Amino acid sequence: MKHLKQIFGGSLQQYTMGLALILLVVVFNLVSGGRMLTSSNFQNLISGNAYVLILAIGMVMVIVIGQIDLSVGSVAGFVGMVTALSIAQYGFPWWAGMLLGLVAGIVVGAWQGFWLAKIGIPGFITTLAGMMIFRGLVIWMSKSISVPVPKQFQFLGAGYLPEWGPAWTGMNNSTLLLGLIGAAWFVRSEMNRRRHLMERGQEVPLWASLVRIVLLVTVIGYVTYLFGSGRPGTSFPIPGVILVILVIIYHVLTHRTRFGRHIYAVGGNKAAAALSGVNTQRTYFLVMMNMSFLAAIAGILFIGRATAAGPSDGTMWELDAIAAVFIGGAAVSGGIGTVIGSIIGGLVMAVLNSGLMLMGVGADQTQVIKGLVLLAAVAFDVYNKQQGRSSIIGHLMRNFGSGGDNEAGSTTAGSITGQAELPSAGGPVVDAIDTMPEPAQR
């Protein structure tokens, strides 16, 4: 057990959700007779769920600040329709229509952020109204008829990385290069983590780091092979590339920037954050605007995959995004949650959908099972919290995101609540938030 703890960074629990995802894939592969672990199935899984995963990135930030956004599906559908109509009816070039859609998403987010941040209407009510307004606008604008989009959007929503270079590799070279970059990044990240821990006087055996590198690089290598060795003309999906880029950007934003620390501070304790100099209204406004911007991206990707914008696009998407965030370890009360955890939560839901479909389970039974999984994940976290134990889901990626800065046992009280400890009266309180440790997980 000691050796296992050394391999997994001192806490076996931090990888529980990732291991559960892998176990789920293996079980479905066995039950379905090997149809789960195929190139085409995983390519479709990423392409078909990229829009929900992108929504989950923004939703986790909304939930961390203690709010909820029920309008993201309607906003995505509205942006998709605005984009398609601007091209089909008003003669916009495809790229101008796409930019118009992104701007429309930002404007919608600013509208909803205004009511929350400036007027003080709770996000639940604001976005419930937004869900009704923008769903109605989609149907009104489209006259209940689908509007086709150009082939360039089809590339964004359902395209693949191009082929180039020699064929002797037996794989798509673009996918192979992407996998090599991912493996190199992880090796570098792991060695930096080990160096930081040793500088703090902690014992980190070299063999443990090497074993961890071998395990994770093996997983990355297999995934690369799975995506890159499919039928000719396929490779890693373009929506997956966009998703990876967004995950990196928002992981850095939430964990390495002042704005990210302010998000967790406001979610942990709004009053304390305000006393520490955080502009809470600005934080609310920007988080809500960002959510609608990501909804716009999700809507544009979806109409590319569907080849048309329809009046029912985006229906119930918000529930899938919210489920992904809570399965990924976010707290209902706010202040806790990570981008990477939410992505893994979304992948769990996607694998459930795919696996149950391969087994011939109906859509009605699938919804029941997904609901039970969501309830069980949150109930298990609540139980652990009531018992005074660390949440299994909450340990996920603690060291991954911080390069070892949040090792188990070194978390401060301020980081647990998502807020800084205020200095004595008269001191420079603004720096308390800006220099606080990275957000802790449950």
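Since this is a predicted model, take the numbers as computed values, not measurements. Per-chain numbering applies: the sequence of each chain, read as written, is numbered from 1 onward. Whole-chain, interface and lining totals are the exception, using all residues; otherwise, since this is a predicted model, local features are given only for residues with pLDDT of at least 70 and side-chain atom pairs are given and counted only at 80 or more. Hydrogens and water are ignored here; the side-chain numbers use all heavy atoms of the structure.

(A) Examining the overall build of the protein chain more closely. Starting at the N terminus, helices and strands are each numbered in turn, a helix being any DSSP run of H or I of at least four residues and a strand any DSSP run of E of at least two. Counting its secondary structure elements, the protein chain contains 19 helices and two strands. Exposure is judged per residue with a 1.4 Å probe applied to protein chains only, and the accessible area is read against the type maximum: over 50% gives exposed, under 20% gives buried, and values in between give partly exposed. In the protein chain, buried positions account for 52% of the 442 residues. Whether two residues are in contact is decided by their heavy atoms, any of which lying within 4.5 Å being enough. Of all intrachain contacts in the protein chain linking residues separated by at least 6 positions in sequence, the fraction that spans at least 24 positions is 77%. Residue burial considers only the protein chains on display, and all accessible areas are found by Shrake-Rupley using a 1.4 Å probe. Taken as a whole, the protein chain presents about 19700 Å² of accessible surface, with 69% of it coming from carbon and sulfur.

(B) Structural detail: helix H13 (residues 280–306). Between the first and last C-alpha of H13 there are 39 Å, a value that for 27 residues agrees with the 39 Å anticipated at 1.5 Å per step. For H13, the buried fraction is high: 19 of the 27 residues fall into the buried class. Pairs of N or O atoms are called polar contacts if they sit within 3.5 Å, as long as, within protein, a hydrogen donor faces a hydrogen acceptor (for residues adjacent in sequence, only side-chain-to-side-chain pairs). Looking at where H13 begins, the residue whose side-chain oxygen comes 3.3 Å from the main-chain nitrogen of Gln 281 is Asn 279. Just beyond H13, the residue with positive phi is Thr 307, at close to 65 degrees. An expected span of 1.5 Å times one less than the residue number is assigned to each helix.

(C) Geometry of the pattern of salt bridges. By salt bridge we mean one thing: a side-chain nitrogen of Lys or Arg within 4 Å of a carboxyl oxygen of Asp or Glu. Within the structure shown, the criterion is met by four salt bridges. With a shortest N-O distance of 3.9 Å, Arg 195 and Glu 199 are connected by a salt bridge. With Arg 195 and Glu 199 both in helix H8 (residues 173–199), this residue pair falls four residues apart, about one helical turn. Overall, the relative accessible area of 40% leaves Arg 195 in the partly exposed class. Classification of Glu 199 as exposed rests on a relative accessible area of 59%. A salt bridge links Lys 370 to Asp 320; its shortest N-O distance comes to 3.7 Å. Here Asp 320 lies in helix H14 (residues 317–327) and Lys 370 lies in helix H16 (residues 363–386), a separation of 50 residues in the sequence.

(D) Representation of unusual backbone geometry in the model. A positive phi is found at Ser 144, a non-glycine position, where the angle reads about 60 degrees. Look at Met 316: it is not a glycine, yet its phi comes out positive at around 70 degrees. With respect to the element layout, Met 316 can be found in the loop between strand S2 (308–309) and H14.

(E) Spotlight on the side chain of Thr 283. Here Thr 283 lies in helix H13. Since its relative accessible area comes to 1%, Thr 283 is described here as buried. If we ignore the near neighbours within four places in the chain, the residues touching Thr 283 are Ile 65, Phe 259, His 262, Ile 263, Val 266 and Val 278.

(F) Quick peek at H8. The first and last C-alpha atoms of H8 sit 39 Å apart over 27 residues, in line with the 39 Å expected at 1.5 Å per residue. What H8 keeps buried is the set Asn 173, Ser 174, Thr 175, Gly 179, Ala 183, Phe 186, Glu 190, Arg 193, Arg 194 and Leu 197. You can read the cap of H8 off the contacts: a side-chain oxygen lies 3.0 Å from the backbone nitrogen of Ser 174, and it is on Asn 172.

(G) Structural detail: the packing of aromatic side chains. Only Phe, Tyr and Trp rings are paired, with Trp represented by its six-membered ring, and only when their centres lie within 6.5 Å; those with planes under 30 degrees apart are stacked, over 60 edge-to-face, the remainder tilted. Throughout the structure, instances matching the rule amount to nine aromatic pairs. The interplanar angle of 50 degrees and the centroid separation of 5.2 Å between the aromatic rings of Phe 78 and Phe 134 together place this pair among those described as tilted. Remark: Phe 134 occurs in helix H6 (residues 123–142) and Phe 78 occurs in helix H4 (residues 72–88); sequence separation between them is 56 residues. With a relative accessible area of 12%, Phe 78 lands in the buried category. Overall, Phe 134 belongs to the buried group, its relative accessible area being 6%. On the numbers, 6.1 Å between centres and 85 degrees between planes, the contact of Trp 94 with Phe 153 is edge-to-face.

(H) Looking closely at the packing of H4 against helix H5 (residues 94–119). Put simply, H4 and H5 touch, their axes get as near as 8 Å, and they point 150 degrees apart. You can see that H4 and H5 cross each other, and the crossing is right-handed. For the pair H4 and H5, the contacting residues are Val 75, Phe 78, Val 79, Val 82, Thr 83, Ser 86 and Ile 87 in the first and Trp 94, Gly 97, Met 98, Leu 100, Gly 101, Ala 104, Gly 105 and Val 108 in the second. Interaxial angles span 0 to 180 degrees and are taken between N-to-C directions of axes, which are lines fitted to C-alpha atoms, for helices over the stretch in contact. Each crossing gets its hand from how the near helix is turned against the far one by less than a right angle, where anticlockwise is left-handed and clockwise is right-handed.

(I) Structural context of the packing of helix H3 (residues 39–64) against H13. In contact at an axis separation of 8 Å, H3 and H13 are set at 170 degrees when each is read in the N-to-C sense. On the basis of their axis angle, the class for H3 and H13 is roughly antiparallel. Residues Asn 44, Ser 47, Gly 48, Tyr 51, Ile 54, Leu 55, Ile 57, Gly 58, Met 59, Met 61 and Val 62 of H3 lie in contact with H13, whose contacting residues are Val 287, Met 288, Asn 290, Met 291, Leu 294, Ala 295, Ile 297, Ala 298, Leu 301, Phe 302 and Arg 305. Amino acid classes used here: Ala, Val, Leu, Ile, Met, Phe, Trp, Tyr, Cys and Pro are nonpolar; Asp, Glu, Lys and Arg are charged; the rest, including Gly, are polar. Considering only residue class, the contact of H3 with H13 consists of 16 nonpolar, five polar and one charged. Every angle not falling under 35 degrees, over 145, or within 65 to 115 is termed oblique; those three ranges are roughly parallel, roughly antiparallel and roughly perpendicular.

(J) Focus on the confidence of the model for the protein chain. Per residue, pLDDT measures the predictor's confidence, with a range of 0 to 100. Within the protein chain, residue pLDDT values average 82, and 83% of them lie at 70 or more. Between residues 389–442, whose pLDDT stays under 50, and residues either more than four places distant or in other chains, the model counts 131 contacts.

(K) Representation of the nonpolar core. The nonpolar core is taken to be a set of buried Ala, Val, Leu, Ile, Met, Phe, Trp, Tyr and Cys residues, with the residues joined through side-chain atoms within 4.5 Å. If you look at the biggest cluster of nonpolar residues, it comprises 97 residues, and the most contacted ones within it are Ile 54, Leu 55, Ile 57, Met 59, Phe 78 and Leu 294. When residues in this core are grouped by element, the largest group, 16 residues, is from H3. Ignoring any residue separated from it by four or fewer positions in sequence, one finds Leu 294 in contact with Ile 54, Leu 55, Ile 57, Gly 58, Leu 246 and Tyr 250.

(L) A nonpolar patch on the surface, seen in detail. Candidate patch residues must exceed 30% relative accessible area and have no salt bridge, after which like charges are joined if within 9 Å and Val, Leu, Ile, Met, Phe, Trp or Tyr side chains if within 5 Å. A grouping of Leu 19, Ile 22, Leu 23, Val 26, Val 27, Leu 30, Val 31, Val 219, Tyr 222, Val 223, Tyr 225 and Met 359 is seen on the molecular surface, where their side chains present a nonpolar patch of about 1100 Å² in accessible area. With seven residues, the single largest contributor to the nonpolar patch is helix H2 (residues 16–31).

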